[in-house]
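One letter stands for each residue in the lines below.
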Amino acid sequence: VRGALLTLMVGLAIIYLNRPQNKWEAIRSWSMKKKILIGFGVVLATLAVLNFDLVITWLYTTLESMGINFGVITKFYFYMSTGNITDNREPYYELVHEMFLKSPIWGTGVQTFYAYSLDGAAYPHNYVLQFLFEGGLVLMVPLTFITLRELYRVLAASYVSVDKMVFSACLLLLSVVPGMFSINIWYNRTFWMAVMFGLMAQKKDFRLRGESAYENRRINISPIS
């Protein structure tokens, strides 16, 4: 539920930031306004995380007073009241930290998490931690960099082709965002498609620095009737 809600929020942000400026521009340029909006969003999200308990309590009481039972907020509030906000994932996080200190470079081996977890869980419910545990920094750093770079390309509207931007956004939303809360990343084909798509992107696929969306697309866009 949490992964789905965050996926929806990020998806709406991408749509809003990259919505057409007019009928000739398929994606808005990386403007100062967009930078300010993204910066404001990052600050707001950071404050929300740092004041998580207050935010969830306020949302829950406000919605309850209106007779609204919003599943995600109710679930979070319940976990807070029981002191289990991670939904029993904290032991997984602690295990990743413990094993990382023992083997920070190479990790313990691909798909070995189940052998160390007390309940036999196959993965730590976070793809970054899974890479860190199973492949150490050697695996985690490059794959995390590729996914973050691809997310930046989408938010910044770097792709010249609208189809490629939308395709990359869909891959990221279906794998990277929910993968922060669940999903065994080795079995998620969408994630590996996103990684390969990012690696296959060429210089011609991106707008030149300082070039407007219209200037880089005018030969490929026909007027809208």
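Criteria and thresholds
Residues numbered from 1 in each chain as written. Predicted model: local features only at pLDDT ≥ 70, side-chain atom pairs only at ≥ 80, totals over all residues. Heavy atoms only, no water. Salt bridge = Lys/Arg side-chain N within 4 Å of Asp/Glu carboxyl O. Helix = DSSP H or I, 4+ residues; strand = E, 2+ residues; numbered from the N terminus. Buried < 20%, exposed > 50% of the residue type's maximum accessible area, 1.4 Å probe, protein only. Contact = heavy atoms within 4.5 Å.

Draft legend 1. Region of interest: the pattern of salt bridges. Following the criterion strictly, the structure yields four salt bridges and no others. One salt bridge connects glutamate 150 with arginine 153, and the closest N-O pair in it is separated by 3.0 Å. Linking glutamate 150 with arginine 153, this pair stays in helix H7 (residues 127–155), spanning three residues, or about one helical turn. Given a relative accessible area of 1%, glutamate 150 falls into the buried group.

Draft legend 2. Focus on the side chain of histidine 125. Its location among the elements puts histidine 125 in the loop between helix H6 (113–116) and H7. For histidine 125, a relative accessible area of 14% translates into the label buried. Beyond its immediate chain neighbours, meaning those up to four positions away, histidine 125 contacts Arg89, Tyr92, Gly179, Met180, Phe181 and Ser182.

Draft legend 3. Focus on the environment of alanine 13. On the secondary structure map, alanine 13 appears in helix H1 (residues 2–17). A residue is classified by how much of its surface remains accessible, and alanine 13, at 33% relative accessible area, is partly exposed. A C-alpha to C-alpha distance of 9.0 Å links alanine 13 and isoleucine 38, two positions 25 residues apart in sequence.

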